[in-house]
Amino acid sequence: MTQPPDQTAPSRLALAHVSKSFPGVKANQDISLSVRPGEIHALLGENGAGKSTLVKIIYGVQRADEGGISFDGRPVEIASPKAARKLGIGMVFQHFSLFDGMTVLENIALGLDETVPAEELKARIRAILDSYSLPLDPDREVHTLSVGERQRIEIVRCLLQKPKLLIMDEPTSVLTPQEVERLFETLRQIAREGCSILYISHKLHEIKALCEAATILRGGKVVATCDPRIETTRRMAELMIGAELKHLQRPSGGGKAGAARLSVDKLDMPGEPPFGTSLKGVSFSAQAGEILGIAGVAGNGQAELLMALSGEHLAGQPDAIRLDGRPIGLANAGARRAAGLACVPEERNGHAAVPEFTLAENVVLTARHRLPLAPSGLIRQGPVEAYAKDVIARFDVRITGPGALAGSLSGGNLQKFIMGREIGQKPDVLVVAQPTWGVDAGAAAAIRQALVDLAAQGSAIVVISQDLDELLELSDRLCVINEGRLSQARPVAGLKLEEIGLMMGGVHGESHVAEPAHV
Amino acid sequence: MFEWRRRREPSKAMLYLSPLIAIGLTMLTGMLVFGAIGYDGLRAVTAIFVTPLIEPQRWADLGVKAAPLIMIALGLAIGFRANVWNIGAEGQYVMGAIAGTGVALLTHDMTGWWILPAMALAGIAGGAAWAALPALLKVRLQVSEILTSLMLTYVAVQFLYYLVRGPWKDPDGFNFPQTKMFSTSQTLPAVAEGSLVHVGVPLAVVLALVAWFVLSKTVAGYAVRVVGRAPAAARHGGFDANRVTWSVLLAGGGLAGLAGLLEAAGPFGQLTPQFPVGYGFTAIIVAFLGRLSPVGIVFAALVLAVTYVGGEIAQSTVRLPSAATGMFQALLLFFLLATDVLVRWRLAFRARPA
Ligand SMILES: Nc1ncnc2c1ncn2[C@@H]1O[C@H](COP(=O)(O)OP(=O)(O)OP(=O)(O)O)[C@@H](O)[C@H]1O
Ligand SMILES: [Mg+2]
């Protein structure tokens, strides 16, 4: 799969026969690829295909077992992220490593390898912000920033080192459409100046809009390369999964609203100090058979709403939250699950699952109330393992073995497992945040289908997401959460993507008026 | 040039090897230190670490010393697993002994099979009550249990001194600060006729098995593990961290209290000011040496029992000071914590930076 040697300039990055194994799985096998200077190169593949592993090798976080890397034509040895930065490689991780209580400037200074006097650093940051016209105030504290602004800090941090290669692992999963568009403009400018970009995303229409070359991985191997500008998203998805993509099957005669299963009435809840958002008079109801979407920019109370519904934070009054008419505002998380209300929080590691536990142990965490896994307090190993196996099979979770620790799964695979664990319990009401966050196209379709099927059986489903495409595809009705307040729900039929995007972006100073969208 | 590299995942091999490395380093350092100050270092270390193992007549003593260490360390380990840092087991141990002795003094003229069980229950209750104070302060006022449990130890010890010198002093004891000797109905039977090993020793092993079972097979044990590992996930799963704090502190206090009572009704046969020998602190070393696992704790307690018995041997044969035992135990903890680094990091050789 080696590319023909480039006549004009050496490749910025060339991988030759890179392999990397973890116990029981070959995460990367014989991978060769090359990226030209200034090229925006996509890395595509299903969950667990080995994308993150590959870029971690390039950034020196992990070490290849075999194969070589050359940078600007010279063979290099990348032993650590520091060595990578020295070569001119920058990386923006999906999870930002920022300190909430510090300013943008302080955060950037902390991440630099050399110490730069504050004034000089500020001048250099200003210069970068100006030349890329990035809106960001170096003196703002991080907790006051949106996710998109936080990401800009990481990008500025990389740009300060004058990188020749920028790696981005799923950078857009938490951005609004407007923020995505702004990010793309920045990335295009960075690329025009000669910096190459290695870009990982599951959102294929973004790949089409941004990237000029793509390498597709499956099972740790390169299965195809293509030019995303001329390929359809559908074709790319099929190359990734090696099979045909299924369409979402809606039940016929859907949309008939049944009785309200979950009703929330003027729910107030103070945000956790110092950075939480308070919920203010949130009211909505979700009916049997429907999927209610809640859109909004991250940090506007989604996390708090989910914790209030799950019972991790208790509402003051019992009847602020009702399940099938019964007041459950004072019931804790376990009691709510037993009563039929299940929730899936956005954060998988350490919240929805315990990374150091096996998948079977993680079943016990949330499935023991509704399934007979531990009657009388004794964990029944047989049924627990059987349920874990069932979820793994039904949701096609790719794992190394039955004893796999949750933390060793790729991001998307853990998400599939968690979604499967909850859906498999057939809850009466399911509240999920970012159901397909980091999940590949094939698996995302499967999860959405499972949600639609669950609703068709009479459950009520609430989806909290920032992915508007997903909300529009899934939901029957949609509302927007904004600074802890929830809008009226509106039927999705007839709503425009741009309209909602502007409603969501409105929090950060952009106009509420639905001006002709030039996004 | 050497450098530390972070391991992708904690090394299983090192998890079990590092206690052994720590034991080896302790022996080596002890040998050098005592050699340097004029003792026969090799003989001292042999007397402490080898003699107790190869002389069968010492084995009973090993078991008797290991038993309270096992019980206390089990309780501590359960707490540590849940991120509850009770380091005042010594106080709970003393309070357990005091409560059990209270029952013994009340029943001194009676006979019956029920007396020992009643003393044991009182011991458990006494230890648990002493641990309830840090629990209450932590749950209600977020006061660190590390400080409260430790400080309460000194209160318990002073209370013991007061009792044996005042109200509980044996009137026929020639004014020695000690209680009456327990009667036969109040003294632990031996496992076999003429043996020094009392029933507390097999009981400690049984308790270790029970602790293993509870931790790995029950929802209660799961709660302990999940609250310690991932508090947010625990809350999401419907576990109540405060309840876990309460239960692990009560269980830990109860186990320490039981160990205290068994020690009073076994080897001591009464309460004296010499009763607090520091098992409650040594058990912290045992818990970590045993990797917080009940089965590991049984072996770790044996290692520490070896240092106690060996320390006594070294006093008579090599004339080592009695403080040497404590020094070896402290060295062991020190090296154990130091070698723990190997579980998550490895030492790598790097030719030259590029
Ligand atoms: N630290 C690790 N220990 C063991 N196995 C691992 C580890 N990291 C990754 N793996 C395994 O390597 C494979 C590739 O994982 P990787 O994270 O690279 O996938 P990915 O393509 O980024 O997937 P996703 O789209 O879900 O993020 C998976 O099977 C995963 O379980
Ligand atoms: Mg990944």
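As the structure is a computational prediction, the values presented were derived from the model and not from experiment.

With respect to the overall build of chain B
Within chain B one finds 15 helices and two strands. At 22 Å, chain B has a C-alpha radius of gyration in line with the 20 Å of a compact globule built from 354 residues. Taking the principal axes of the C-alpha coordinates as reference, chain B spans close to 80 × 60 × 35 Å. Summed over its atoms, the accessible surface of chain B is roughly 16200 Å², and 68% of this surface lies on carbon and sulfur atoms. Both charge centroids of chain B, one from 25 positive and one from 15 negative side chains, sit 16 Å from each other.

What to know about the packing of helix 3 (residues 104-111) of chain A against helix 4 (residues 118-131) of chain A
Residues and elements named next belong to chain A. Put simply, helix 3 and helix 4 touch, their axes get as near as 11 Å, and they point 105° apart. The angle between helix 3 and helix 4 places the two elements in the roughly perpendicular class. In this structure, helix 3 uses Leu-105, Ile-108 and Ala-109 to contact helix 4, whose residues at the interface are Leu-121, Lys-122 and Ile-125. Here the residues of the contact of helix 3 with helix 4 are counted per class, giving five nonpolar, no polar and one charged.

Regarding the interface of chain A and chain B
At the junction of the two partners, chain A supplies 32 residues and chain B supplies 18 residues. Here chain A and chain B share an interface that buries about 2200 Å² over both sides, 57% of which is from carbon and sulfur atoms. It is A:Phe357, A:Leu365 and A:Ile379 in chain A that bury the most area against chain B; as a group they hold 21% of the surface buried on that side. Across the chain A-chain B interface, the total number found is one salt bridge. Across the salt bridge formed by B:Arg225 and A:Glu361, the nearest N and O atoms sit 2.7 Å from each other. The tally of links between chain A and chain B comes to ten residue pairs in polar contact (both at pLDDT 80 or more).

A look at the sheet that holds strand 10 (residues 221-226) of chain A
In a beta sheet, neighbouring strands pair by backbone hydrogen bonds and run either parallel or antiparallel. All names here are of chain A. Here we have six strands laid out as an open sheet, ordered 6-7-8-3-9-10, and mixed in their pairing. What marks the edges here is a single partner per strand, and that holds for strand 6 (89-92) and strand 10. Neighbour to neighbour, the strand axes of the sheet diverge by 20° on average, direction disregarded. Direction of pairing for strand 6 relative to strand 7 (residues 165-169): parallel, over a ladder of four bridges. Bridge assignment links Ile-89 to a residue of strand 7, and that residue is Leu-165. On top of the sheet, helix 5 (residues 147-160) reaches strand 6 and strand 7; it is set at about 175° to strand 6, its chief contact.

Analysis parameters
- Residues numbered from 1 in each chain as written.
- Chains lettered and ligands numbered in written order.
- Predicted model: local features only at pLDDT ≥ 70, side-chain atom pairs only at ≥ 80, totals over all residues.
- Heavy atoms only, no water.
- Helix = DSSP H or I, 4+ residues; strand = E, 2+ residues; numbered from the N terminus.
- Rg over C-alpha atoms; globule rule 2.2 N^0.38 Å.
- Areas by Shrake-Rupley, 256 points an atom, 1.4 Å probe, with all protein chains shown as cover.
- Lys, Arg positive; Asp, Glu negative; His and termini not counted.
- Charge placed at Lys NZ, Arg CZ, Asp CG, Glu CD.
- Axes fitted to C-alpha atoms, helices over the stretch in contact; angles between N-to-C directions.
- Parallel < 35°, antiparallel > 145°, perpendicular 65-115°, else oblique.
- Contact = heavy atoms within 4.5 Å.
- Nonpolar A, V, L, I, M, F, W, Y, C, P; charged D, E, K, R; others polar.
- Buried area = accessible area lost by both parts, 1.4 Å probe.
- Salt bridge = Lys/Arg side-chain N within 4 Å of Asp/Glu carboxyl O.
- Polar contact = N/O pair within 3.5 Å; in protein donor to acceptor, adjacent residues only side chain to side chain.
- Pairing = 2+ DSSP bridges.

In short, the description is geometric, and any link to function would need to be established separately.
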